[in-house]
Amino acid sequence: MPKEEDTRSKLSPRDRQVLKEISDGFTDPGKIAEKLKIKEVSVISSAEGLAEMGLISLDKGVEEVCALTEEGARYAEIGLPERRILEIAGVEGVPLSEIKDPALKVGIGWLKKKGWATVEAGRITPKGDALPGKDEEILEALLFQGETSGSALDEEALKLLKSRGLVESRSEKSWSFEITDAGRSALKMAEDSSRSSSAVFDYVAQITPDMIKNGVWEGKYVDYKGTRYEVRPYDVTLPAERIYPGKVHPYQRLLTRMREIMLEMGFTEIKGEIVQSSFWNFDALFQPQDHPAREMQDTFYLDSRAEIPDYASVKEMHERGGDVGSTGWGGNWDPEVARRKVLRTHTTSVTIKYLADHPNPPVKAFSIDRVYRREAIDPTHTPEFEQLEGVIMDDGLSFANLLGVLKGFYAKMGFDEVRFRPGYFPYTEPSVEPEVYIEGLGWVELGGAGVFRREVTAPFGIERPVLAWGLGVGRLAMLRLGLKDLRLLYQSDLGWLRDMPLSTRM
Ligand SMILES: N[C@@H](Cc1ccccc1)C(=O)O
């Protein structure tokens, strides 16, 4: 225990007030809080400090608080069923068959158990004076005084009432304070010293807005309203109450971080429609009209038809390959198929449309947005998910530039090891699938990328090379947030959200 000398100066005005109340015989934080007109948690935190200094003793316990259930309250007023049967039976007794009310019948068993009556040959016969039991006393007490501490009630009878569903209880934390001898003398010294106004430093526990405005808080001491205070040391190792402040959803934070990275890298954000024509989602990207990805089981189709732009050059490219040295897909390209509306299956539909509207260099754009595919829902698949799409179009760009940009992006996201596997997409050549290395998981595929084919760019008059990629954001989030189930990103699971740190560098 610290010497009294130290102790005296360590008391903040608040501590001193609380100590005073405890010395006056208040044992309960609620009452002290009420009296001092401060919050109960402030009293408790003061008291914990006082207890640590040995100035008070502190009893933490769990208290059982009891109250009547609805049924219990009714019985407390009209009497327990066994008591009411006795009243009906009088001294003579009553035939069993006369007790018809099911609410009364439950009392018959209790009559026997309590030895208040015999039940024989179809007749209830009282045995003599049935004195009020402990259970009835409790019912009455609870009716009269409301919530009551379980420790004040007869244990056996209470258990019985709880098993009958007439009384319920909950646990409440309870605190009890008592001043120690050291506390008494510290209080006395503090009172003496404030009377003689000697230069004892008080502790300020809280820097108020006023102190900040006056600039008095910056040094070791706070000179405030004629008194010199010391700022109270803060013990960061003490357990504190958990609080749950509002915060940005971790997934949203990750999306924002990605957006920031793309902006830092000089990209412009673009937005597109969720509902697209098949033309922009598939045909403009040189996906043949009989491509399996266009099937109903993979894509959500809408009933309506969309406007599509002048399609002559796209039709020519699909059927015969235009004049870029391609053979095209052959067959007949049908504008009606291109008009079918879909929920976009990838954000590449947004970037190709943007390029068609901006065919001249340079273009450096990205889009982070939701896409839709008919997937069965499981831990790693949801029918809605996000993609991060990027395109760069300019003179002299090459495949090597694409790999460099992707590596740069992943490095900023915190993935240092990146590799590229050959991939295939109908709209890029060459195509790759970037993978990042995750400790414990190995190489994880994170999307697709490539250089747009001439079959894609030529029909829109785009003459420069276009580097393009689309990354699965949910995958990335799972890795960054350590999730085993993607669905957590879309369910507002309070427990998980609360446990997520307020801020992590993602
Ligand atoms: N759209 C592709 C990704 C991609 C985008 C751009 C170029 C190449 C591939 C996908 O959804 O998987």
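Structure shown above.
Now for a quick tour of the structure. For clarity, every value in this text was computed on a predicted model and none was experimentally measured.

This part takes up the site of the ligand. Taken together, 13 residues form the shell around the ligand, and within it H346, T348, R373, Q387 and Y427 come nearest. Taking T348, its side chain carries an N or O atom lying 2.9 Å from a nitrogen atom of the ligand. Between the ligand and Y427 there is a distance of 2.9 Å, counted from a nitrogen atom to a side-chain nitrogen or oxygen. Contact with the protein chains hides 91% of the accessible area of the ligand, taken as 320 Å² for the molecule alone. In a pocket analysis with a 2 Å cut-off to the grid points, the ligand is assigned to the second largest pocket. Taken together, the elements giving at least two residues each to the shell around the ligand come down to β15 (384-393), β19 (447-452) and β20 (466-472). Here the shell around the ligand takes three residues from β20, the largest share from any one element.

Taken as a whole, the largest pocket holds about 1800 Å³ of empty space. Within the residue set of the lining of the largest pocket, elements represented by two or more residues are α2 (13-23), α4 (40-52), β6 (167-179) and β7 (202-204). It is α4 that contributes the most residues to the lining of the largest pocket, eight residues altogether. Its residues assigned to classes, the lining of the largest pocket shows 18 nonpolar, eight polar and 11 charged. A volume near 960 Å³ is recorded for the second largest pocket. For the second largest pocket, the lining is made up of 40 residues, of which R373, F385, Q387, E445 and G447 are closest to its centre. Elements with a contribution of two residues or more to the lining of the second largest pocket: β15, β17 (428-438), β19, β20 and α19 (473-481). The biggest single contributor to the lining of the second largest pocket is β20, with five residues. Tallied by class, the residues present in the lining of the second largest pocket amount to 15 nonpolar, 16 polar and nine charged.

Under the definition given, this model contains 32 salt bridges. Residues K162 and E64 are paired through a salt bridge, measuring 2.5 Å at the closest nitrogen-oxygen approach. Residue K162 is located in helix α9 (residues 155-163), and its partner E64 is located in strand β1 (residues 56-68); the two are separated by 98 residues in the primary sequence. Of the residues examined, K162 reaches a relative accessible area of 31% and is grouped as partly exposed.

Reading the values: rules and limits
- Residues numbered from 1 in each chain as written.
- Predicted model: local features only at pLDDT ≥ 70, side-chain atom pairs only at ≥ 80, totals over all residues.
- Heavy atoms only, no water.
- Near = heavy atom within 4 Å.
- Polar contact = N/O pair within 3.5 Å; in protein donor to acceptor, adjacent residues only side chain to side chain.
- Areas by Shrake-Rupley, 256 points an atom, 1.4 Å probe, with all protein chains shown as cover.
- 1 Å grid on protein atoms, 1.4 Å probe; cavity = no way out; pocket = protein on both sides within 12 Å on 5 of 7 lines; lining within 4 Å.
- Sits in = over half its atoms within 2 Å of the grid points.
- Helix = DSSP H or I, 4+ residues; strand = E, 2+ residues; numbered from the N terminus.
- Points joined across faces, edges and corners; volume = space filled by probe spheres on them.
- Nonpolar A, V, L, I, M, F, W, Y, C, P; charged D, E, K, R; others polar.
- Salt bridge = Lys/Arg side-chain N within 4 Å of Asp/Glu carboxyl O.
- Buried < 20%, exposed > 50% of the residue type's maximum accessible area, 1.4 Å probe, protein only.

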